[in-house]
Amino acid sequence: MCVTAVETRPAGGLSQVPGSPGNRPFGARVKAFIALTKPRVIELLLMTTVPVMFLAAGGVPDLWLVLATCIGGYLSAGGAAAFNMYLDRDIDAMMDRTAQRPLVTGMVSPRECLVFASALTVGSTALFWYFVNPLSAMLSLGAIFFYVVVYTMILKRRTSQNIVWGGIAGCMPVFIGWSSVTNSVSWASLILFLVIFFWTPPHYWPLSMKVSDDYKRVGVPMLPAVAGNKVVARQIVLYSWVMVAVSLLLQPLGYTGWFYTAVAVACGAFWLREAHALQARAKAGVTGAKLKEMRLFHWSITYVSLLFVAVAVDPFLR
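The structure contained in this document is the topic of the report that follows. All residue numbers refer to position in the chain's written sequence, counted from 1. At least 70 in pLDDT is required for a residue's local features to be given in this predicted model, at least 80 for side-chain atom pairs to be given and counted, and no such filter applies to totals for whole chains, interfaces and linings, which use all residues. Neither water nor hydrogens contribute to the side-chain values; these are computed over all heavy atoms in the structure.

Examining the overall build of the chain
- Scanning the chain from N- to C-terminus turns up 15 helices and 0 strands.
- In terms of overall dimensions, the chain is globule-like: its C-alpha atoms have a radius of gyration of 20 Å, near the 20 Å expected for 318 residues.
- Taking the principal axes of the C-alpha coordinates as reference, the chain spans close to 60 × 55 × 30 Å.
- The 318 residues of the chain split such that 57% are buried.
- We call two residues in contact when some of their heavy atoms are within 4.5 Å. Across the chain, contacts joining residues at least 24 apart in sequence account for 78% of those joining residues at least 6 apart.
- Residue-level accessible areas treat just the shown protein chains as cover; the underlying method is Shrake-Rupley with a 1.4 Å probe. Counting only carbon and sulfur atoms, one obtains 67% of the accessible surface of the chain, whose full area is about 13,100 Å².
- Only four residue types enter the tally: Lys and Arg on the positive side, Asp and Glu on the negative side; His and the chain ends are excluded. By convention, charge coordinates are those of NZ in Lys, CZ in Arg, CG in Asp, or CD in Glu. The chain carries 25 positive and 13 negative side-chain charges, and their two centres are separated by 5 Å. Secondary structure elements follow DSSP: runs of H or I no shorter than four residues count as helices, runs of E no shorter than two count as strands, and numbering proceeds from the N terminus. It is over C-alpha atoms that the radius of gyration is taken, and the globule rule equals 2.2 Å times the number of residues to the power 0.38. Burial status follows relative accessibility: with a 1.4 Å probe on protein chains alone, a residue under 20% of its type maximum counts as buried, one over 50% as exposed, and anything between as partly exposed.

Here it is, written out as structure tokens:
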């Protein structure tokens, strides 16, 4: 399982602390290592994993299996996040949004971070392999590889489409949740995978619009850093329409019933209203706080949470 969503606050909330051992108290060090895993992001990832397990089981899955999948998912996503911080420590030091991350403050050394990330990766793979199934272990390992190598090392600093294709890593929890129960993947898991795939850009780009100066400063070509607000807003609307359309495919294919469909329609309609409102403000040349781009960002988290809660509840109402 890997990271798609982003934190809006500095990880760990640590102040600038010199990196010498004497200035790194134990409690702060523990918080720093936890911060390396981006726990606020992982909450959202687990929100897309556990409900899929309910859908795959057609009810309540084995709770020990749920626990093992959640622990494995946390370790996997945490390892990917730590590798990301290790590789991006140079630009993190120059961006306001990431200036308090543990490697920047010196609370964790690069070597410690690399060892920590490697240990989490090995641990998560072993846990999935022995307590869930080998397919889930391989999907988890593949997600880490995609996020760390394909997104962070190859795409992020080279193309404005970085978050589009890099977001594939953040879609993998859906496959992992399904495979943990069935030891397979299915059309239902593919549809939910695509929902997250098309959700990721319009989720991330509003935040990127707000912090575009950060990305410009470090030369990372996030779309809002290389294109105007009108272009970004148009792309957000296009991805939003596709996302909502894909989310409605589960019912006609027989995987969900009326409850999920009602939630998907209601939440999708509200999302599209917010996306088009952002586009209208961008077209009108609104900038700064009046652009209100973060309204869609915050709603995007609520949207995916409500949608996947509906995924989990729907089997009990059919």
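On we go.
Some details on the packing of helix 1 (residues 26-36) against helix 3 (residues 63-87)
- The interhelical angle for the contact between helix 1 and helix 3, taken along N-to-C directions, is 95°, at an axis separation of 7 Å. Taken together, the axes of helix 1 and helix 3 are roughly perpendicular relative to one another. Contacts from I34, A35 and L36 of helix 1 reach helix 3 at Y74, G78, A81, A82 and M85.
- When the residues that make up the contact of helix 1 with helix 3 are grouped by side-chain class, the tally is 7 nonpolar, 1 polar and no charged. Here an angle of 0 to 180 degrees is reported between the N-to-C directions of two axes, which are lines fitted to C-alpha atoms, with helices fitted over the stretch in contact. We call two directions roughly parallel when the angle between them is under 35 degrees, roughly antiparallel when it is over 145, roughly perpendicular when it lies between 65 and 115, and oblique otherwise. Under the scheme applied here, ten amino acids are nonpolar (Ala, Val, Leu, Ile, Met, Phe, Trp, Tyr, Cys and Pro), four are charged (Asp, Glu, Lys and Arg), and all others, including Gly, are polar.

What about the packing of aromatic side chains?
- Only centres within 6.5 Å qualify two rings of Phe, Tyr or Trp (six-membered ring in Trp) as a pair; their planes then separate them into stacked at under 30 degrees, edge-to-face at over 60, and tilted for everything else. Within this structure, the stated rule accounts for 11 aromatic pairs.
- Relative to F116, the ring of F33 lies with its centre 5.1 Å away and its plane at 65°, an arrangement referred to as edge-to-face. Within this pair, whereas F33 is found in helix 1, its partner F116 is found in helix 6 (residues 110-132), the two being separated by 83 residues in sequence.
- A relative accessible area of 22% places F116 in the partly exposed class.
- On the basis of an interplanar angle of 90° and a centroid distance of 5.7 Å, the ring pair of W258 and F259 is categorised as edge-to-face.
- You can call W258 exposed: its relative accessible area is 57%.
- An aromatic cluster is built from W165, F197, F198, W205 and Y239, whose rings are joined through pairwise contacts.
- A positively charged side chain is recorded as over a ring if its NZ (Lys) or CZ (Arg) lies within 6 Å of the ring centre. The angle to the ring normal must also be within 35 degrees. One residue, R89, lies across the ring of Y86, its end atom 4.3 Å from the ring centre.

Focus on the nonpolar core
- Joining through side-chain atoms within 4.5 Å is the link that ties buried Ala, Val, Leu, Ile, Met, Phe, Trp, Tyr and Cys residues into a set, and such a set is a nonpolar core. Counting 98 residues, the largest nonpolar core has L192, W271, Y303 and F308 as its most contacted members.
- For this core, the element with the most residues is helix 10 (residues 187-210), which contributes 12 residues.
- Discounting residues that sit within four places of it in the chain, F308 has contacts with M47, T48, P51, V52, V174, L192 and I196.

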